[in-house]
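Secondary and tertiary structure notes
Read off the chains here:
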Amino acid sequence: MSEKRFKGRFKKDGKLQWYHWLVVILSLVLTLSAWQVTLKLANQKSQIQFDFQTDLLIELVKERMQKYEDALWAGVAAIHAQEKPINTNTWHAFATALSIEEKYPGINGIGVIDYVSPENLTAYLAEQRKLRPDYKIHPKHTNPGYWPITHIEPVQQNQKAVGLDMAHESNRYQASMMARDTAKAQITGPIILVQDEKQTPGFLFFAPYYDEVNPPQTLTSRRRTFVANVYAPFIMEKLMMGTLKNENRLVNFSIKDGQSLLYDELQPEALGFDQDPLFSKVVKVNMYGRQWLFQLQSTRLFRHQVTNNQPKMILIGGICIDLMLLALFLILSRSNKNAISYANHVTKKLRVSENKLQTTIDSMRDALITIDKNNTILSFNKAAEAILGFQEQDLIGKNITALPDPSLEGPDETNHYLNVKNKSAYEEKKIINIASKEGGLLPIDLTITKASSGAINYFIALIRDLSNEVRIEKALETSEALLDTAVNASPTGFAILNLNGEFIELNKSMSRWLEYDKDELLGRHFELILEGQSKPIIRSMIQNMLEQKQTSIHIENQYIQKDGSLVWGLLTGALVLDKNQVIANIVLHIVDIQKEKVLLQNLIQQNKALEKSNADLEQFAYVASHDLRSPLNGIQQLAQWIEEDCRELLPSDSKAHLNLMMGRSGRMIKLLDDLLKYSRVSRYDYKYEAIELKTLVNDQFALIDSPDGFSYKSSNSLLLVPRVPFEIVVRNILSNAIKHHDKNTGVIEVTFNKSESFQIITITDDGPGIPPEMQNKVLEMFQTLKARDDVEGSGMGLAMTKRIINHYKGDLAIDSDGVRGTSFIISWPLPGQS
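Residues numbered from 1 in each chain as written. Predicted model: local features only at pLDDT ≥ 70, side-chain atom pairs only at ≥ 80, totals over all residues. Heavy atoms only, no water.

1. Section: the overall build of the protein
Note the threshold: Secondary structure follows DSSP: runs of H or I at least 4 residues long count as helices, runs of E at least 2 residues long count as strands, and numbering of each begins at the N terminus. For each residue, the accessible area found with a 1.4 Å probe, counting protein chains only, is set against the maximum for its type, and the residue is called buried under 20%, exposed over 50%, and partly exposed in between. The Shrake-Rupley method, run with a 1.4 Å probe sphere, supplies the accessible areas, and residue values consider only the shown protein chains as cover.
Check the secondary structure of the protein and you find 22 helices and 27 strands. For the protein, with 834 residues in total, the buried portion stands at 40%. Entry remark: accessible area of the protein is about 47000 Å², with carbon and sulfur atoms responsible for 53%.

Here is the structure:
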């Protein structure tokens, strides 16, 4: 249509036509569509960035907690490695070697919480007060047993916690028992540490250890063999400062345990707090027996980094263009006189819009380069300058070879990664390495799209910097390589099964232990190495895991080596879940326990042999005493008859010989009786009962038929002892004092004292002393200080006395200067201490 006809048309109609409105509406729809698409993409990118930051934060917390758990298990291993029970000095040496303040920032210390039963409390306090006289357990409570903090390092900043009983407060008490019962690391609910002067929230981290290196499998055996918890106290604020410094962080968060607030950055005074965050979410995390609730929200720095004006600029630019089109049409409809001037005005506005569009392009994060069909660079946005390191004015109008290609030795337009000559495809995508102006390699995602403006064709190259993604991939590859190295270097067997039970991976230790080549087992079913009777058992356990009826496998079992030999191993199995929590594989870990099993079997056989030997010995003692007693009784009876019949006929020497024979045969009978009693000392255990010491001494003094010249003095104290064996002990010592006295008169004194664990009874005579070098010897069998013919006795009395006392975990000591007077000191344990 000519300009004259155009003007005539508007002059005739004087209003907008339908096609004017169509253009305006289509332009508006296009603008709104472009705005919505760019806005959605921007929001998706921001959401992905927020999710990544929150996941990273939570993983950092989990990783740090895992590191602290490793420190606790190191403490457990250190305690098991000690040949003797640990004390304050050995624990200080361990904590110093561990360097907790340097290697484990955020931790408040590391210590040991012993479990002390009521009956062992006295012995426990006595042991601890050897190095720490003022050590005590506090505060008092009504729960059974005691869970005191025995050791804690560094002790200076944790002094108030020494001796603190976990049983006095429910969160501490419940977590302590849960660690014991599960054989796993546990944390307490929120508590206030006694050593925290600020009284801020914190918690305790426990790792249990038992008498056995491998944790017991049943709850009953865990409780029976449980010894203590290695623990670490944490102040939550200090832990977070050690784990996550709030510097240039994109996410603020708070942590709750139930209704209790553990940590809070969601306060106006917190660094980077955003009153109206772009994103927020709540994540529940299972943390060692507790559930922590993470409430996370974006910070002001996050808002600043993700703010993208591109959608707004597109919307504003498009609306401006639409309005200008509408205004243009309105002006043309009203007055064709001003059409030319108005067209010039619109042109200026279009240039402004073009500048805005250019501004929008320059604000893009991805590099955008336009190239004509002759490989000449037409435009180069700000992101391209930042990514490639070249300035726009240095490249506009130049050939693509001005951008170096690291895959080429020199300028080569044909093979250049941006070459678009004779390109027929509408779009091409690839990932390559290119060179920056500084000469380094840069991984990029390159998309080249063909476009046109009227009759002019050109190409748009969109370049996305993949440096960050490549770094993440390399880090993942490094982690996988380290994990693979650790697994293959492990001295214990490790294998991965598919869901059909077939080997898909195993380490060298596994194949070497079974004496197979790795390739011989890959693809084979796991039951190939199982001993026949155990196959249905382990098959059922694996099926229960797959059906989620149990979480893991832990069983001792025999395995078949390649040559058919059976070896013992400790099997631990668990499931591997993918990111969607779907079961992917089964992981097996087998520890060689063949030597332990052989040693255990040898020990059982030796115990049986020892039991048989003891039974044979007891039978021998009984038979010997019975069979020897009959002829001795006969000899003694015959000697008495000879004496009675021939008393007047025998010369004096023969009478002396006859008396000597009768005395020695009587001594032999007593020796046999004492031997029999000695062999039966440990056969019976008598119950403890309350006995008055003075009454018992009086009864035993009467039983031994003491001469008139001897008397006794005894304190009137109450004892808790087994009556029968204790009477034998007292009777033997009283008899020994009178029998070996060198005078016709004497006084024996019995006194009583008491310690925390023992009742101490001292029996002192005023006869000849026992030389120090003979004091241990007289406690042995058949030992006397005088000739057998001078003193009537078997030499078994003190030996039997010592054996009875030792059987009840007591002690017998002798105190004498060897000249005059001897004290026999009996240390008899209180009930519950033996």
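2. Thoughts on the sheet that holds strand β26 (residues 811-815)
Note the cut-off: DSSP bridges decide pairing: two strands pair if at least two such bridges lie between them. The convention used is that axes are lines fitted to C-alpha atoms, helices contributing only their stretch in contact, and that angles between N-to-C directions extend from 0 to 180 degrees. Pairs of residues are marked as contacts when any of their non-hydrogen atoms sit within 4.5 Å.
Taken together, the five strands give an open sheet; going across it, the order is β22-β24-β25-β27-β26, and neighbouring strands pair in mixed fashion. Every other strand in the sheet has two partners, leaving β22 (710-714) and β26 as the edge strands with one partner each. Adjacent strand axes in the sheet meet at a mean angle of 15 degrees, parallel and antiparallel pairs treated alike. Relative to β22, helix α20 (residues 693-703) is tilted by about 165 degrees, and along the sheet it contacts β22, β24 (746-754) and β25 (758-768). Packed onto the sheet, helix α21 (residues 723-739) meets β22, β24, β25 and β27 (820-829) and runs at close to 175 degrees relative to β27.

3. A look at the side chain of Asp114
The line we're drawing: Charge assignment in this entry is limited to Lys and Arg as positive and Asp and Glu as negative, and neither His nor the chain termini are counted. By definition, a salt bridge exists where a carboxyl oxygen of Asp or Glu is found within 4 Å of a side-chain nitrogen of Lys or Arg. The definition of a polar contact used here is a pair of N or O atoms within 3.5 Å, where within protein one atom must be able to donate a hydrogen and the other to accept one, and adjacent residues in sequence count solely through side-chain atom pairs.
Note on placement: Asp114 falls in strand β1 (residues 110-114). One buried charged side chain, Asp114, makes no salt bridge at all; its nearest oppositely charged neighbour is Arg132, positioned 7.2 Å away. In this structure the side chain of Asp114 is engaged in a polar contact, spanning 2.6 Å, whose partner is the side chain of Thr150. In contact with Asp114, not counting residues within four places along its chain, are Tyr124, Tyr146, Trp147, Pro148, Thr150, Tyr209, Val227 and Ala228.

4. Focus on a nonpolar patch on the surface
Which entries qualify depends on this criterion: Exposure above 30% relative accessible area and the absence of a salt bridge qualify a residue for a patch, where like charges join within 9 Å and nonpolar side chains (Val, Leu, Ile, Met, Phe, Trp, Tyr) within 5 Å.
Together, Phe52, Leu56, Leu60, Ile472 and Leu476 make up a nonpolar patch on the protein surface, roughly 430 Å² of accessible area in all. If you list the elements that add at least two residues to the nonpolar patch, you get α2 (18-81) and α14 (467-489). Residue contributions to the nonpolar patch peak at three residues, all from α2. Exposure remark for Leu60: the relative accessible area of 31% places this residue in the partly exposed category.

5. Here's the deal with the pairing of strand β9 (residues 280-287)
Every other side chain in a regular strand lies on the same face of the sheet, so the side chains alternate between the two faces. Pairing of β9 with strand β10 (residues 290-298) involves eight bridges; the strand directions are antiparallel. Its bridge partner lying in β10, Lys284 is registered against Leu293. A loop of two residues connects β9 with β10, the two strands running antiparallel in sequence, and Tyr288 in this loop sits at a positive phi of about 50 degrees.

6. Brief notes about unusual backbone geometry
For the peptide bond that leads from His138 to Pro139, omega is -10 degrees, which places it in the cis range. By the element assignment, Pro139 lies in the loop between α5 (121-128) and β2 (149-153). With an omega of -5 degrees, the peptide bond running from Glu153 to Pro154 counts as cis. Phi angles above zero are rare outside glycine, and Asn375 is one such case at about 65 degrees. The topology assignment puts Asn375 in the loop between β11 (367-372) and β12 (377-380).

7. Comments concerning helix α22 (residues 797-807)
Taken as a whole, α22 has its buried residues at Leu798, Ala799, Met800, Thr801, Ile804 and Ile805. At the C-terminal side of α22, Lys809 shows a positive phi close to 65 degrees.

8. A short note on the side chain of Thr801
As for its position among the elements, Thr801 is in helix α22. Judged by relative accessible area, which is 0%, Thr801 ranks as buried. With residues up to four places along the chain from it excluded, the contact list for Thr801 reads Val729, Asn732, Ile733 and Leu812.

9. Let's talk about a negative patch on the surface
Inclusion rule: For the purpose of locating charges, the reference atoms are NZ of Lys, CZ of Arg, CG of Asp and CD of Glu.
Where like charges cluster on the molecular surface, the negative patch consists of Asp465, Glu469, Glu473 and Glu477. Sorting elements by how many residues they give to the negative patch places α14 first, with three residues. By the element assignment, Asp465 lies in strand β15 (residues 456-465).

10. A look at helix α17 (residues 535-546)
This is how the line gets drawn: Given a helix with a known number of residues, its expected span is that number minus one, times 1.5 Å.
In this model, α17 (12 residues) spans 16 Å end to end at C-alpha, consistent with the 16 Å of a helix rising 1.5 Å per residue. Looking at the packing, one finds that the buried side of α17 touches β18 (552-560), β19 (566-577) and β20 (583-592). One or two residues past the end of α17 sits Gln548, with phi positive at roughly 60 degrees.

11. A closer look at the packing of aromatic side chains
Quick note on the threshold: Pairing of aromatic rings covers Phe, Tyr and Trp, the last through its six-membered ring, and needs centres within 6.5 Å; plane angles under 30 degrees mean stacked, over 60 mean edge-to-face, and all others mean tilted.
Counted by the stated rule, this structure contains 23 aromatic pairs. Relative to Tyr135, the ring of Tyr124 has its centre 6.0 Å away and its plane inclined at 70 degrees; by these criteria the two rings are edge-to-face. Taken as a pair, Tyr124 in helix α5 and Tyr135 in the loop between α5 and β2 lie far apart in primary sequence, 11 residues in all. Here Tyr124 falls in the buried class, since its relative accessible area comes to 10%.

12. Notes on the packing of α2 against helix α3 (residues 88-98)
Selection criterion: Any angle that falls under 35 degrees is termed roughly parallel, while one over 145 is termed roughly antiparallel, one within 65 to 115 roughly perpendicular, and all others oblique. Crossing handedness is read from the near helix: turned anticlockwise from the far helix by less than a right angle, it gives a left-handed crossing, and turned clockwise, a right-handed one. Side-chain classes are defined by residue name, with Ala, Val, Leu, Ile, Met, Phe, Trp, Tyr, Cys and Pro counting as nonpolar, Asp, Glu, Lys and Arg as charged, and the others, Gly among them, as polar.
At their nearest, the axes of α2 and α3 sit 11 Å apart, and the two run at 140 degrees to each other. Between α2 and α3, the crossing angle belongs to the class labelled oblique. Handedness of the crossing formed by α2 with α3: right-handed. Listed contacts from α3 to Ala71, Ala74, Gly75, Ala78 and Ile79 of α2 are Trp91, Phe94 and Leu98. Class assignment of the residues belonging to the contact of α2 with α3 gives a composition of seven nonpolar, one polar and no charged.

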